[in-house]
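Observations on chain architecture
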Amino acid sequence: MFNNNFTSNSESGVLLESLDTSEVLLELKGNLFTGHLLDFAVHLQARNSSRFCLDMSDNPSDNSYRLTRMNALFQVKERDDLELLNTGGVIFDGEPLQDLEDGVCGF
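Numbers given to residues run from 1 along each chain, matching the order in which its sequence is written. Given that this is a predicted model, residues contribute local features only at a pLDDT of at least 70 and side-chain atom pairs are listed and counted only at 80 or more, while totals for whole chains, interfaces and linings are drawn from all residues. The side-chain numbers reported here are obtained from all heavy atoms of the structure, hydrogens and water having been left aside.

What about the overall build of the protein?
- Within the protein, the secondary structure is distributed over 1 helix and 10 strands.
- Secondary structure elements are defined from DSSP: runs of H or I of at least 4 residues count as helices, runs of E of at least 2 residues count as strands, and each element is numbered from the N terminus. Helices and strands appear in the protein in the N-to-C order β-β-β-β-β-β-β-β-α-β-β.
- For the protein, the spread of C-alpha atoms along the principal axes amounts to about 35 × 25 × 20 Å.
- We call two residues contacting when some pair of their heavy atoms lies within 4.5 Å. Pairs at least 24 residues apart make up 69% of the contacts formed inside the protein by residues separated by at least 6 positions.
- Working note: accessible area of the protein is about 5,500 Å², and carbon and sulfur atoms make up 46% of it.
- In the protein, 7 positive and 18 negative side-chain charges are present, and the distance between their average locations comes to 4 Å. In this description, accessible areas are obtained by the Shrake-Rupley approach with a 1.4 Å probe, and a residue is regarded as covered only by the protein chains that are shown. Neither His nor the chain termini are counted; the positive set is Lys and Arg, and the negative set is Asp and Glu. Charge coordinates come from a single atom per side chain, which is NZ of Lys, CZ of Arg, CG of Asp or CD of Glu.

The following block contains the structure:
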C-alpha cells in the first residue's frame, strides 16, 4: 500500500489479520493516517500458524500503529526503528516480533 490518505475513520485506517496457515506480505509506505476516532491508525495481527511479513516506513500519523502476534510468525523489517521511520507510536502486543533481514520476504 503506497501513498494513500486514511482520514477520519471511526476505527483503524488499516486492519489486517493473518490466520491459520495464511501468508501476508505487506509494504506500507508513504501513507497518511489522521483523525481516527477509535482504535489505531494501523492494526496488524498475526495469529495461529500464519506468517506475516511487514516493511513499514515514511507513514505520518497522529495515532499509533499496533502490531499483534499470537502463535504465529510475524517478521518486521527494521523492527527496532519503526518509530524513527514512521510518525506515531508503535505498540507491540502479544509475543515478540522478529526482525526481518533484507530480502527474506522480497523486500
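So, next bit.
So, unusual backbone geometry
- One non-glycine residue, serine 8, adopts positive backbone phi at about 55 degrees.
- Along the chain, serine 8 falls in the loop between strand E1 (5–7) and strand E2 (14–18).
- A positive phi angle is found at glutamate 78, which is not glycine, with a value near 55 degrees.
- By the secondary structure assignment, glutamate 78 is in the loop between strand E8 (73–77) and helix H1 (82–85).

Thoughts on the pattern of salt bridges
- Only one rule defines a salt bridge in this text: a Lys or Arg side-chain nitrogen within 4 Å of an Asp or Glu carboxyl oxygen. Within the structure shown, the criterion is met by 9 salt bridges.
- Taken together, the shared-partner salt bridges connect Glu27, Lys29, Asp55, Lys77 and Asp102 into one network.

Focus: the sheet that holds E2
- Within the open sheet, the 4 strands sit side by side as E2-E5-E7-E9. Their pairing is parallel. Of all strands in the sheet, those with a lone pairing partner are E2 and strand E9 (90–94), marking the two edges. Averaged over all pairs of adjacent strands, the angle between strand axes in this sheet comes to 10 degrees, irrespective of strand direction.
- For two strands to pair, DSSP has to find at least two bridges joining them. The pairing of strand E5 (residues 42–47) with strand E7 (residues 65–70) spans 6 bridges and is parallel. Considered in E7, the bridge of glutamine 45 is made with threonine 68. Geometry is summarised by axes, namely lines fitted to C-alpha atoms with helices restricted to the contacting stretch, and by angles between N-to-C directions that run from 0 to 180 degrees.

Here's the deal with the side chain of asparagine 31
- Among the secondary structure elements, asparagine 31 is positioned in the loop between strand E3 (23–29) and strand E4 (32–34).
- Here asparagine 31 falls in the buried class, since its relative accessible area comes to 0%.
- Within the structure, the side chain of asparagine 31 is placed 3.4 Å from the backbone nitrogen of asparagine 3, a separation counted as a polar contact.
- Definition of a polar contact: a pair of N or O atoms within 3.5 Å, with one able to donate and the other able to accept a hydrogen when the atoms are protein atoms, and with sequence-neighbouring residues admitted only if both atoms are side-chain atoms. Among the polar contacts made by the side chain of asparagine 31, one reaches the main-chain amide nitrogen of asparagine 4 at a distance of 2.8 Å.
- The residues contacting asparagine 31, other than those within four sequence positions of it, are Met1, Phe2, Asn3, Asn4, Phe6, Asp58, Asn59 and Pro60. Partly exposed residues are those whose accessible area sits between 20% and 50% of the maximum for their type, while under 20% is buried and over 50% is exposed, using a 1.4 Å probe and protein chains only.

Considering the side chain of asparagine 86
- Locating asparagine 86 in the fold gives a position in the loop between H1 and E9.
- Looking at asparagine 86, its side chain comes within polar contact range of the main-chain nitrogen of aspartate 58, at 3.5 Å.
- A distance of 2.9 Å separates polar atoms of two side chains, one belonging to asparagine 86 and the other to asparagine 59.
- Residues within four places of asparagine 86 in sequence aside, it is in contact with Met56, Ser57, Asp58, Asn59 and Tyr65.

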